[in-house]
Amino acid sequence: MPITRILELRILPPFAIGRLGSSPDPMDNYEVAIREDDPVGFRQILPADTLVVDRGSGEITGLVKPPRVQFRDAAGRIRPVSPFLEVWARFEADGPLLPLTAHHLADLGLTPADLQWSAHLGNIKVFRRTGDTHDKVEAMTGPFSDHTVRELHGLCDNFLPDTFLFLGSVQYIKPTEAFPEIRLRFTPAPGKVYGPPGPDGASDNVVPVYDPTRGHWVGFADPDNSRLSTNPATIYAGRADPTPGSDLWFSRGFLDDECDGIIDVQLTYTEKAAGTQKTLGAYARVSVGPPTFAPDSFPVRTVADELEQAMLGPDVDAPVAQGEVAEIVRRVIDTVRLMNTEVMNRPTQGMGRMDHLDVARAAEPIQDPSIIDALAIRSRHERVLLALESGTLAWFARVLRDYDEVGDLSDEGRRKMPSLMRGADARHLALTRRQVNKVRAAARALLAAEANTDHTEG
């Protein structure tokens, strides 16, 4: 049935994460699955259906499933993760969201050219430090409705003349009869280093863009107790102050090509029944991170966990499936696999060092060195994962660190789980409150079931 109106537009996903890569060949889709023959082993990476785009025409030329997953191209370059942003629409007040297609537009007397896209992305890491608005790097496309590749040139007042920071590109995909959906693709930057000219900039790995005679990023140092500081403060490339007793760290003036920003779409049309003109719009956020060098492993706490807690709250009222808790434990195993636990347990490394530097705590190992062997720790977590249905969740729930215990630097407090890891506040890592409550809810359910069984048998 032909449509007569559009009530609402959405871009899905509303938040997409791209990943840097210098290959012109974007990364194929893949899925990550648990191996049935090894449930506690490394996750399995499986090829998935992938849209192939002709960047010249903007058309999708096929849907393929590659025979195997390759993260680098034949030349050894990393393939960027380049997400698609799809436009979805609601056509009836109580109707579902459906992918918007060229056929829907034709019903309204419109074409894909009647949609207008725009992108506004930026890298404001330097501004975040210096507080100088002239250090903001921003790229804006302006409105566009065609299907050519639009490069995102990040401009900055404190750059050298005629230079920019390349932040990737966007392309409005041209609908075809085989692939009529309305979508845009964002391709991240290659992952280069930018900086000032001169000795630090005289390198094949550094693109000179920053003008030290205009801005103050070259030689900048975080002042003590500044609201702009981070903990630890020295997370940018720099040089130590040779002055005795000084903790200042002077920036070399480097920038990277990671970015984040907004991509939006607008559609103006005349609703036939009412005879009135309507303008609908939607937007999505995109962010760019480094390549995934451990794609078969998931961090124990992710952005998705933060968003879930923000949307649903920290409390868990409904029953929790053991599979959800098993996934949390499995992610702990993933994280432990990527850590040298013996080194991180030393008082001069990891959180032991931070505790000593930040609050002058005695420089002591966090865990008993005799049990900190990585294989032993992994084996312990694997036993928990394999025995979730035997009631072991009760003790596992008790040893989790609560959000208000991240500053507990007692021996017992530092040994709670997750151990040896830090959060963004440089304190001992805790799972989100919702994650902890999931584990405890599942543990209570297991104990209640066990008690009910004992009572029935008695």
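Notes on the structure follow. What you see is a predicted model; the values in this text were computed from it and never measured. (Residues numbered from 1 in each chain as written. Predicted model: local features only at pLDDT ≥ 70, side-chain atom pairs only at ≥ 80, totals over all residues. Heavy atoms only, no water.)

Right, let's get into the overall build of the chain. Looking only at helices and strands, the chain features 10 helices and 20 strands. The buried share of the chain, reckoned over its 458 residues, is 43%. In the chain, the share of contacts with a sequence separation of at least 24, taken over all contacts with a separation of at least 6, comes to 66%. Per element, the accessible surface of the chain, about 23800 Å² overall, is 53% carbon and sulfur. (Helix = DSSP H or I, 4+ residues; strand = E, 2+ residues; numbered from the N terminus. Buried < 20%, exposed > 50% of the residue type's maximum accessible area, 1.4 Å probe, protein only. Contact = heavy atoms within 4.5 Å. Areas by Shrake-Rupley, 256 points an atom, 1.4 Å probe, with all protein chains shown as cover.)

Right, let's get into the packing of aromatic side chains. Tallying each qualifying case throughout the model produces 4 aromatic pairs. Between Tyr 30 and Phe 71, the ring centres sit 5.3 Å apart and the planes meet at 70 degrees, which makes this aromatic pair edge-to-face. You can see Tyr 30 sitting in strand E3 (residues 30–33) and its partner Phe 71 sitting in the loop between strand E6 (60–64) and strand E7 (84–90), a full 41 residues away along the chain. Judged by relative accessible area, Phe 71 falls into the partly exposed class, the value being 28%. An angle of 55 degrees between the planes, with centres 5.6 Å apart, marks the rings of Trp 117 and Tyr 172 as tilted. Here Tyr 172 lies in strand E12 (residues 165–172) and Trp 117 lies in strand E9 (residues 115–123), a separation of 55 residues in the sequence. Like Trp 117, the residue Tyr 172 is buried in the burial classification. Members of the aromatic cluster, joined through ring pairs, are Trp 217, Phe 220 and Tyr 236. Looking at Arg 337, its charged tip hangs above the ring of Phe 42, at a distance of 4.4 Å from the centre. (Phe/Tyr/Trp six-rings, centres within 6.5 Å; stacked < 30°, edge-to-face > 60°. Lys NZ or Arg CZ within 6 Å of the ring centre and 35° of its normal.)

What follows covers unusual backbone geometry. Most peptide bonds are trans, and most residues other than glycine sit at a negative phi. Note that the residue after Leu 12, namely Pro 13, is joined by a cis bond; omega there is 0 degrees. With respect to the secondary-structure elements, Pro 13 resides in the loop between strand E1 (8–12) and strand E2 (15–19). Residues Met 417 and Pro 418 are joined by a peptide bond in cis, for which omega reads 0 degrees. Residue placement: Pro 418 occurs in the loop between helix H9 (411–414) and helix H10 (433–457). For Asp 162, which is not glycine, the phi torsion reads 60 degrees and is therefore positive. Mapped onto the elements of the fold, Asp 162 is located in the loop between strand E11 (150–154) and E12.

Another aspect to go through is the nonpolar core. One finds Ile 6, Leu 9, Leu 100, Trp 117, Phe 186 and Ile 263 to be the most contacted residues of the largest nonpolar core, which totals 50 residues. At the level of secondary structure, the elements contributing two or more residues to this core comprise E1, E7, E9, strand E10 (137–140), E12, strand E13 (183–187), strand E19 (260–271) and strand E20 (276–289). In contact with Ile 6, other than residues within four places in its own chain, are Ala 89, Arg 90, Phe 91, Leu 100, Leu 108, Leu 267, Tyr 269, Lys 278 and Leu 280. By size, the runner-up hydrophobic cluster in this structure holds 26 residues, among which are Val 316, Met 339, Met 354 and Phe 396. (Core = buried A, V, L, I, M, F, W, Y, C linked by side-chain atoms within 4.5 Å.)

On to the sheet that holds strand E14 (residues 193–195). Within a sheet, neighbouring strands are paired by backbone hydrogen bonds and run either parallel or antiparallel to one another. Overall, mixed pairing links the 3 strands, which are arranged E15-E14-E18 in an open sheet. Lying at the two open borders of the sheet, with one neighbouring strand each, are strand E15 (206–208) and strand E18 (255–256). The sheet contact formed by E14 and E15 spans 3 bridges and is parallel. The residue of E15 that forms the bridge with Val 193 is Val 206. (Pairing = 2+ DSSP bridges.)

A separate point is the environment of Ser 23. Residue position: Ser 23 is located in the loop between E2 and E3. Judged by relative accessible area, Ser 23 falls into the buried class, the value being 5%. Each C-alpha atom, one on Ser 23 and one on Asp 73, is 6.6 Å from the other, the two residues being 50 residues apart in sequence. Sequence-distant contacts of Ser 23, defined by excluding residues within four places in its chain, comprise Asp 73, Arg 77, Ile 78, Arg 79 and Pro 80. A polar side-chain atom of Ser 23 sits 2.7 Å from a polar atom in the side chain of Asp 73. (Polar contact = N/O pair within 3.5 Å; in protein donor to acceptor, adjacent residues only side chain to side chain.)

With that settled, the discussion passes to the sheet that holds E9. Pairing is mixed across the open sheet formed by 5 strands, whose spatial order is E2-E20-E19-E9-E10. Looking at the sheet topology across the chains shown, the edges are occupied by E2 and E10. Strand-to-strand, the axes of this sheet are offset by a mean angle of 20 degrees, without reference to chain direction. Note: E19 against E20, 12 bridges, orientation antiparallel. From the neighbouring strand, Leu 267 faces E20, where its bridge partner is Leu 280. (Axes fitted to C-alpha atoms, helices over the stretch in contact; angles between N-to-C directions.)

Once that is clear, we can look at the pattern of salt bridges. Counting across every chain of the model gives 32 salt bridges. We note a salt bridge from Lys 438 to Glu 324, for which the minimum N-O separation is 2.8 Å. Highlighted residues: Lys 438 in helix H10 and Glu 324 in helix H4 (residues 322–337), separated in sequence by 114 residues. Owing to a relative accessible area of 11%, Lys 438 belongs among the buried residues under this scheme. The salt bridge involving Glu 405 is made with Lys 416; its shortest N-O contact spans 3.1 Å. With a gap of 11 residues between them, Glu 405 in the loop between helix H8 (393–398) and H9 and Lys 416 in the loop between H9 and H10 connect regions that are remote in the sequence. Just as Glu 405 is buried, Lys 416 falls in that class too. Salt bridges linked by common partners bring Arg 43, Glu 327, Arg 330, Asp 334 and Arg 337 together as one network. (Salt bridge = Lys/Arg side-chain N within 4 Å of Asp/Glu carboxyl O.)

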